[in-house]
Amino acid sequence: MKIAVVGGGPAGMYFSLLMKKRDASHDITVYEQNPAGATYGWGVVFSDVALSFLKQADAEFYKKFTASHERCDYMEVVHKDVHVQLRNNHFSRASRIDLLKVLQDECKSVGVNFKFDSRVDDIGLLNEADLIVGADGANSGVRTQLAQHFKPHFEKRRNKFAWYGTRQLFHAVSLIFRETEYGVFIAHCYQYSKDLSTFLIEVDPDTWKRAGLDTMSDEDSQRFCEQVFARDLGSNGLLSNRSTWFSANIVSNENWSYKNIVLLGDALRTVHFSLGSGTRMAMQDAIALYEAVNLHGKDLPAAFTHFEKLRRTSSANFQTAAARSLDWYESVDRKMHLDPVVFAYDYMRRTGRVSHEDLKERDPGFIARYEALTGEAVA
């Protein structure tokens, strides 16, 4: 097959790699709008569950993919200056640029072609391809050009975010909650390399405006946030990389394919980063589409139907969980009075996917503390 993949992110590249490794005769070209080696953002994080599917799909690639990851078997919730550890929450972290480089190198080694600085503004220019994969992210141009067919839905959420890095190393995946005179500031942070951590800041829009962040320059905003989280950052400041404030835009699509075109990853559906599952979902999409196309070959309608059967329910479930997670963060000001252990418990239960018994099995010491404080033996 002649395959055109629009977007050089994890979804598009992993699908290309799997297809080319299965059948070297496929002619696969990845069209990426950015220059080679360019990336924005800092690190990505996977749970151990999120990595298990990669090992099953391609054990050889899994070893290369995880070779330089930073790992930790617990997370921390910091509330009222109390660090509450939650054991047996295994996370693996890597820099986004390293992740993309591993995928690029693997794709090139098996003969996948790349065209960088190639923005596909007219999908008709790819009409010689048997299969076109729209894997060009949350702001997908492929989806936009064919919006009347894919019928996308967008939900803009309240809270504001700024994506920073820092040289302060957070060994555990950490959530830090800071009360200020303006309102609550939240930091999502984790070490992803030997010398760098992601430091994503979240704030509700009213607090954002009361603090004057809506009128500050990027530099002043960065300095303000450094002051809010001064005790957490130690002697280190924040590092910027297009770290402007934005709001989460949750994307879904009524239709996943049109003719010989199918959407993948964030172009298909976004999962909010408070669940840490966006890259996982993108690569699971890639595996499912690969399996479907290998099963049905050039019968693309059958392949796309099979792909949806594999992924539609999981996609909807994750988006439901993400919506509940967002609701929790957007109303966290009403929970700041809670004891730190009770607060951490409430956080862990926020999506409805983790039960009291799940937590007790995972970290009996934490649940013993919670039950001693609340007198509750069951949730």
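Residues numbered from 1 in each chain as written. Predicted model: local features only at pLDDT ≥ 70, side-chain atom pairs only at ≥ 80, totals over all residues. Heavy atoms only, no water.

A. Spatial organisation of the overall build of the protein. Scanning the protein from terminus to terminus reveals 14 helices and 15 strands. For the protein, whose C-alpha radius of gyration is 21 Å, the value lies close to the compact-globule estimate of 21 Å for 379 residues. Considered along the principal axes of its C-alpha atoms, the protein spans approximately 60 × 50 × 40 Å. In the protein, the proportion of contacts linking residues at least 24 apart, taken out of those at least 6 apart, comes to 72%. Looking at the protein as shown, the accessible area adds up to about 16,600 Å², and 47% of this sits on carbon and sulfur atoms. (Helix = DSSP H or I, 4+ residues; strand = E, 2+ residues; numbered from the N terminus. Rg over C-alpha atoms; globule rule 2.2 N^0.38 Å. Contact = heavy atoms within 4.5 Å. Areas by Shrake-Rupley, 256 points an atom, 1.4 Å probe, with all protein chains shown as cover.)

B. Here's a closer look at the packing of helix H10 (residues 278–296) against helix H11 (residues 300–330). Packing of H10 against H11 brings their axes to within 7 Å, and their N-to-C directions diverge by 155°. Here H11 runs roughly antiparallel to H10, going by the angle between their axes. Our pair here, H10 against H11, has a crossing hand that is right-handed. Each of Arg280, Met281, Gln284, Asp285, Ala288, Leu289, Glu291, Ala292, Val293, Leu295 and His296 in H10 lies in contact with H11, whose residues at this interface are Ala302, Ala303, Phe304, His306, Phe307, Leu310, Arg311, Ser314, Ser315 and Phe318. (Axes fitted to C-alpha atoms, helices over the stretch in contact; angles between N-to-C directions. Parallel < 35°, antiparallel > 145°, perpendicular 65-115°, else oblique. Left-handed = near helix turned anticlockwise from the far one by under 90°.)

C. Region of interest: unusual backbone geometry. One non-glycine residue, asparagine 88, adopts positive backbone phi at about 60°. Position of asparagine 88 relative to the elements: it lies in strand E5 (residues 82–95). Take asparagine 88: its relative accessible area is 42%, and that puts it in the partly exposed class. (Buried < 20%, exposed > 50% of the residue type's maximum accessible area, 1.4 Å probe, protein only.)

D. Representation of the sheet that holds strand E1 (residues 2–6) in the model. Here we have six strands laid out as an open sheet, ordered E6-E2-E1-E7-E15-E14, and mixed in their pairing. Both outer strands of the open sheet, strand E6 (113–115) and strand E14 (257–258), are each paired with one neighbouring strand and no more. Here three bridges tie strand E7 (residues 131–134) to strand E15 (residues 261–263), and the two strands are oriented parallel to one another. Each bridged residue has a counterpart across the sheet, and for isoleucine 132 the counterpart in E15 is isoleucine 261. Across the face of the sheet, helix H1 (residues 10–22) comes into contact with E1, strand E2 (27–31), E6 and E7 while running at roughly 160° to E1. (Pairing = 2+ DSSP bridges.)

E. Spatial organisation of the pattern of salt bridges. Here the structure, examined in full by the defined rule, presents 20 salt bridges. We note a salt bridge from arginine 87 to aspartate 73, for which the minimum N-O separation is 3.9 Å. Separated by 14 residues along the polypeptide, arginine 87 in strand E5 and aspartate 73 in strand E4 (residues 70–79) bring together distant segments of the chain. (Salt bridge = Lys/Arg side-chain N within 4 Å of Asp/Glu carboxyl O.)

F. Just helix H3 (residues 59–66), in detail. Of the positions making up H3, those classed as buried are Phe61, Tyr62, Phe65 and Thr66. One side of H3 carries all its buried residues, which in axial view fall inside an arc of 120°. Looking at the buried residues of H3, the elements they touch are H1, strand E3 (43–47), helix H2 (48–57), E4, helix H4 (96–109) and H10. (Arc of directions from axis to C-beta.)

G. Here's a closer look at the nonpolar core. If you look at the biggest cluster of nonpolar residues, it comprises 62 residues, and the most contacted ones within it are Tyr14, Phe15 and Leu131. Looking at which element gives the most residues to this core, the answer is H10, with nine residues. Counting 32 residues, the second-largest nonpolar core is a separate cluster that includes Val77, Val184, Val332 and Tyr345. (Core = buried A, V, L, I, M, F, W, Y, C linked by side-chain atoms within 4.5 Å.)

H. How the structure looks around the pairing of E4. For E4, the tally of buried residues reaches eight of ten residues, placing the bulk of the element in the interior. Bridge count between E4 and E5: nine bridges; the pairing is antiparallel. Considered in E5, the bridge of methionine 75 is made with leucine 86. Between E4 and E5, which pair antiparallel in sequence order, lie two residues; one of them, lysine 80, sits at a positive phi of approximately 55°. Both E4 and strand E9 (residues 173–179) contribute to a ladder of five bridges, which runs parallel. Following the sheet pairing, methionine 75 is matched in E9 by valine 173.

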